[in-house]
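A structural walkthrough
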Amino acid sequence: MSLGDDCISLEGLKVDCIVGVYPHERQTPQRLIVDVQLFLDTSHAARSERLEDSLDYELVCGELAFLLKSAEFRLLETAVHALCRTLLLPPVEPLQRRAVDAVRLKLRKPAALGSKAIPSLSVTRRANQQQFLREEKSFGTVDVIHESADFGVYRLNIAPGATLPAHVHHQMHESELVLGPQLECQGRPAARGSVRRWPQGLTHGYFNPSDTWQSILCVDRPPFIETDEVPSDAAFGAISVLDAWTM
């Protein structure tokens, strides 16, 4: 099966993160290098000259860095699987970005074997081979991207005019990357590409004031526990807003 002729490549993305199964790897970040090729129809962007008809390179890199830093993967196999599925997830609305037809992704772990060799894993995944569970929520929908014993990756889709109600977590550690350009978090504008890591017990919530769907990429450690999303009427707590590179 041909992947098609149009391909956007991002090569040599360097991310320092927790990755590996050995005790020392669970304590000290090490570098991963990501090379990714994204296959999609770019003819629409060529005609319209609108970024929404193609891909925002910076946001794609931010998504990859966010996932690698937040999920703390044990195996390259798990990391590659979750990264590819995130990139292949269909957009909530066509105007958000162009759909990706296929992904070819390579992860390298240069420090794992010292100077002996550089282990890597390369895979190719196609959108038409992926299935995603979508759950209906009061605020919109949730797409389940990947779940393991350690973590879960989700996309939260907030409907126009809807509120993701204020809540706290007492068991889960939650990190969120804002994908939509018009969300409010804790009563303030939440810039696209901004990251928030929610400490346990801190009240937080979102509001979509726009007339289009807005999305958030979320990593929960451990994977989502429904009973741990506890409604809260406390005031919103202060939190530092980060980006995918410094979180």
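A few words on the packing of aromatic side chains. Across all of its chains, the model carries 2 aromatic pairs by this definition. Ring centres of F73 and F151 lie 5.1 Å apart, and the angle between their planes is 90°; on these two criteria the pair is classed as edge-to-face. One end of the pair, F73, is in the loop between α2 (57-71) and α3 (76-88); the other, F151, is in the loop between β6 (140-147) and β7 (152-158), and 78 residues separate them in sequence. Its relative accessible area of 3% is what places F151 among the buried residues. Ring centres 6.4 Å apart and planes at 75° place the aromatic pair Y154 and F224 in the edge-to-face group. Highlighted residues: Y154 in strand β7 and F224 in the loop between β14 (214-221) and β15 (230-231), separated in sequence by 70 residues. Overall, the relative accessible area of 5% leaves Y154 in the buried class. In this structure F224 comes out as partly exposed when scored by relative accessible area, which is 30%.

Further remarks concern the environment of F151. For the pair formed by F151 and F73, sequence separation is 78 residues and the distance between their alpha carbons is 8.7 Å. In this structure, F151 is in contact with A71, F73, T78, H146, D220, R221, P222 and P223, ignoring residues within four places of it in sequence.

For the structure on display, the rule yields 8 salt bridges. E25 is the partner of K109 in a salt bridge, and the nearest nitrogen-oxygen pair spans 3.0 Å. In this pair, K109 sits in the loop between β3 (102-108) and β4 (120-126) while E25 sits in the loop between β1 (7-17) and β2 (30-39), placing the two residues 84 residues apart along the sequence. Look at K109 and you get buried, because its relative accessible area is 10%. By relative accessible area, which is 6% here, E25 ends up buried. With a shortest N-O distance of 2.8 Å, D143 and R155 are connected by a salt bridge.

Okay, α3 next. Here α3 is 13 residues long and its end C-alpha atoms lie 18 Å apart, about the 18 Å a rise of 1.5 Å per residue gives. Among the 13 residues that make up α3, 10 are buried, leaving the element largely enclosed by the rest of the structure.

Below, the discussion takes up the confidence of the model for the protein. Confidence in the prediction of the protein, expressed as mean pLDDT, is 93, and 96% of residues score 70 or more. Between the elements of the protein, mean pLDDT differs from a low of 82, seen in strand β16 (residues 242-243), to a high of 98, seen in β6.

Looking at where D41 falls in the secondary structure, it is placed in the loop between β2 and α1 (43-48). Along the primary structure D41 and D101 are separated by 60 residues, whereas in three dimensions their C-alpha atoms are 8.2 Å apart. Each residue touching D41, except ones within four places of it in the same chain, is listed here: D6, D53, R98 and D101. Reaching out from D41, the side chain makes a polar contact with the side chain of S43 at a distance of 2.6 Å.

Here we take up α2. Taking 1.5 Å as the rise per residue, α2 with 15 residues should run 21 Å; its terminal C-alpha atoms sit 21 Å apart, in good agreement. The element α2 is largely enclosed, with a buried count of 13 among its 15 residues. Sitting at the head of α2, D56 places a side-chain oxygen 3.0 Å from the backbone nitrogen of E58.

Strand pairing within a sheet occurs via backbone hydrogen bonds; the two strands may be parallel or antiparallel. Strand order in the open sheet formed by 4 strands is β1-β2-β3-β4, and the pairing between neighbours is antiparallel. The sheet is open, and its two edges are formed by β1 and β4, each paired on a single side. When the angles between neighbouring strand axes are averaged without regard to direction, this sheet yields 15°. Alignment of β1 against β2, held across 9 bridges, turns out to be antiparallel.

Soluble globular proteins: nonpolar side chains tend toward being buried together. Among the nonpolar cores identified, the biggest contains 44 residues, and L38, L64, L68, V103, L105 and L107 are the most heavily contacted of them. Of all the secondary structure elements, the ones that give two or more residues to this core are β1, β2, α2, α3, β3 and β14. Residues contacting L105, with those up to four places away along its chain left out, are V34, D35, V36, L64, V80, L83, C84, L87, L121, S122 and V123. Counting residues in hydrophobic clusters, the runner-up holds 18 residues, among them F139, V144, L156 and L202.

Rules of the game
- Residues numbered from 1 in each chain as written.
- Predicted model: local features only at pLDDT ≥ 70, side-chain atom pairs only at ≥ 80, totals over all residues.
- Heavy atoms only, no water.
- Phe/Tyr/Trp six-rings, centres within 6.5 Å; stacked < 30°, edge-to-face > 60°.
- Helix = DSSP H or I, 4+ residues; strand = E, 2+ residues; numbered from the N terminus.
- Buried < 20%, exposed > 50% of the residue type's maximum accessible area, 1.4 Å probe, protein only.
- Contact = heavy atoms within 4.5 Å.
- Salt bridge = Lys/Arg side-chain N within 4 Å of Asp/Glu carboxyl O.
- Expected span 1.5 Å × (residues − 1).
- pLDDT = per-residue confidence, 0-100.
- Polar contact = N/O pair within 3.5 Å; in protein donor to acceptor, adjacent residues only side chain to side chain.
- Pairing = 2+ DSSP bridges.
- Axes fitted to C-alpha atoms, helices over the stretch in contact; angles between N-to-C directions.
- Core = buried A, V, L, I, M, F, W, Y, C linked by side-chain atoms within 4.5 Å.

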